[in-house]
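# Observations on the model geometry
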Amino acid sequence: MTRAITSATVPNLWSWRGLADVAFLDLRAAYAELQAEIGSAVGRAAASGWYIGGSEVDAFESRFAQYCDADHCVGVANGLDALCLALRAIGVGAGDEVIVASNSYIATLLAVTMAGATPVLVEPNPSTFNLDPQRLGTAVTERTKAILPTHLYGQPADLDAILAFARQHGLRVVEDAAQAHGARYKGKRIGAHSDAVCWSFYPTKNLGALGDAGAVTTNDPEIARRIRMFGNYGWSIRYVSEVKGVNSRLDPIQAAVLAVKLKYLDEWNCRRTEIAQFYGRELRNLRITLPDVPEWAEPVWHLYVIQSQSRDRLRSELAELGIETLVHYPVAPHLQQAYADLGHSPGAFPIAERLADTVLSLPIGPHLSSEAVEKVASTVRRLA
Ligand SMILES: *Cc1c(COP(=O)(O)O)cnc(C)c1O
């Protein structure tokens, strides 16, 4: 009897040689590792009869606050709401200006406009990708209310310099930490350096839910109270609205999932760091720019972002060889149609524009195999 040749009997040549296609990020692997624990947490939340607020939310909030070294954590529906509610809680509103990095994720700007204020862009340091404190002076006006630095790609911004500048000019500081769960600045976890620190638990983040979720951490009890109130119809007590709030609450089922995943965050961040260090060693001395880490920063490598003058060619050649990469982000915020009203033309923020043309995110994640990491590094080395 002859045996039919099927794809199951003929091994894929790449995988047979340990060179399977490399996905950018494998979220199912993270779930598979914790399936039993997540299943029982979800089951417990579902059986509890509490579907808004309650003990799952309280437990996650207190564990995450403790993890971040913050006094308070307020769960909200997503990262964008976390940012917008934090800005509203510190008093940002119509007519105010908020300084953000010109290369940040669009949600950072959207939060400012959602709060009724105007984003004012400041160029980043191109080698760390983060807001350049030296340039803050050029952006301050009498309407400036706050600075909103993003810890982009998992690397902390230079908080001491930003906070010192803010103090000098009477400004508040809110951090966008949506990519920086577990990162440290000068040895201290991101979570309470400034007035309020905003988190997203979007599924792809270092700490990701199985859907949308977010939080704000702070050491200021009044800011925490106001965010909780704003996110729950502006109620100070039930049915009594002190302000025009919104509905933005952390789902208890997501809170239960996040409490499980939080236990593994450090271990998963360590694996990301190992991969980043491997890329850093293997990709030296090529015609690409590697991310620079200041000595006071302990990044958590949400993304590993290189810069290449021939980014699009490199990206498509990697794709042909089965390596998936992404671009974070291909269009600078000031050139987005949504922000045409800011009135900036091409050339207005050359660093952000150059980054949009040259950045390339290589696969990184806690479940990326060593073989995959080696395949990425050797392929980039050959092509770059
Ligand atoms: C993901 C992200 C957000 C928005 O979070 P959502 O939960 O998707 O609303 C904001 N800022 C940055 C830097 C992000 O990466």
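## Topic: the nonpolar core
Taken as a class, soluble globular proteins show a tendency for nonpolar side chains to be buried jointly. In terms of nonpolar packing, the biggest core is built from 46 residues, with Phe-60, Phe-64, Ile-147, Trp-199 and Phe-201 touching the most fellow members. Those elements that place two or more of their residues in this core are α3 (55-68), β2 (97-101), β3 (118-122), α6 (159-169), β8 (196-200) and α8 (252-262). Ranked by residue count, the leading element in this core is α3, at 6 residues. There are two domains that each give this core at least three residues, and those are domain 1 (7-27 + 264-383) and domain 2 (32-262). When residues no more than four places from it in sequence are discounted, the contact partners of Phe-60 are Phe-201, Leu-207, Leu-250, Ala-255, Leu-258, Ala-259 and Leu-262. Counting 34 residues, the second-largest nonpolar core is a separate cluster that includes Leu-152, Val-305, Val-327 and Leu-360.

## Details of the state of the cysteines
A complete count under the given rule lists 0 disulfides for this structure. Not part of a disulfide, Cys-68 finds its nearest cysteine sulfur in Cys-73, a span of 7.0 Å.

## Some thoughts on the sheet that holds strand β5 (residues 172-176)
Here 7 strands make up an open sheet; going across it, the order is β1-β9-β8-β5-β4-β2-β3 and the pairing mixed. At either margin of the open sheet sits one strand with a lone partner, and together these are β1 (72-76) and β3. Averaged over all pairs of adjacent strands, the angle between strand axes in this sheet comes to 25°, irrespective of strand direction. Examined bridge by bridge, strand β4 (residues 144-148) and β5 share 2 bridges and lie parallel to one another. Paired with Ala-146 across the strands is Arg-172, a residue of β5. Packing of helix α4 (residues 79-89) onto the sheet brings it into contact with β1, β2, β4, β5, β8 and β9 (214-218), and relative to β8 it is tilted by some 165°. Helix-sheet contacts for α6 involve β4 and β5, and the interaxial angle to β5 is about 150°.

## Focus: the domain arrangement of the protein
Looking at the protein, the domain boundaries give domain 1 (7-27 + 264-383) and domain 2 (32-262). Joining domain 1 to domain 2, the criterion identifies 1 salt bridge. Here Asp-266 makes a salt bridge to Arg-189, at a shortest N to O gap of 3.1 Å. Taken together, the connections running from domain 1 to domain 2 amount to 28 residue pairs in polar contact (both at pLDDT 80 or more). Among the secondary structure elements, those contributing two or more residues to the side of domain 1 that touches domain 2 are α9 (265-282), β13 (297-298), β14 (304-308) and α11 (350-358). For the side of domain 1 that touches domain 2, the leading source of residues is α9, giving 6 residues.

## A closer look at the packing of aromatic side chains
Under the criterion given, the structure shown has 13 aromatic pairs. Both rings, one in Phe-64 and one in Phe-201, keep their centres 5.3 Å apart while their planes meet at 85°; by these two values the pair is edge-to-face. Of this pair, Phe-64 sits in helix α3 while Phe-201 sits in the loop between β8 and β9, and the two are 137 residues apart along the sequence. This pair shows no difference in class: Phe-64 is buried, exactly as Phe-201 is.

Cut-offs and rules
- Residues numbered from 1 in each chain as written.
- Predicted model: local features only at pLDDT ≥ 70, side-chain atom pairs only at ≥ 80, totals over all residues.
- Heavy atoms only, no water.
- Core = buried A, V, L, I, M, F, W, Y, C linked by side-chain atoms within 4.5 Å.
- Buried < 20%, exposed > 50% of the residue type's maximum accessible area, 1.4 Å probe, protein only.
- Helix = DSSP H or I, 4+ residues; strand = E, 2+ residues; numbered from the N terminus.
- Domains from an automatic or database assignment.
- Contact = heavy atoms within 4.5 Å.
- Disulfide = S-S within 2.5 Å.
- Pairing = 2+ DSSP bridges.
- Axes fitted to C-alpha atoms, helices over the stretch in contact; angles between N-to-C directions.
- Salt bridge = Lys/Arg side-chain N within 4 Å of Asp/Glu carboxyl O.
- Polar contact = N/O pair within 3.5 Å; in protein donor to acceptor, adjacent residues only side chain to side chain.
- Phe/Tyr/Trp six-rings, centres within 6.5 Å; stacked < 30°, edge-to-face > 60°.

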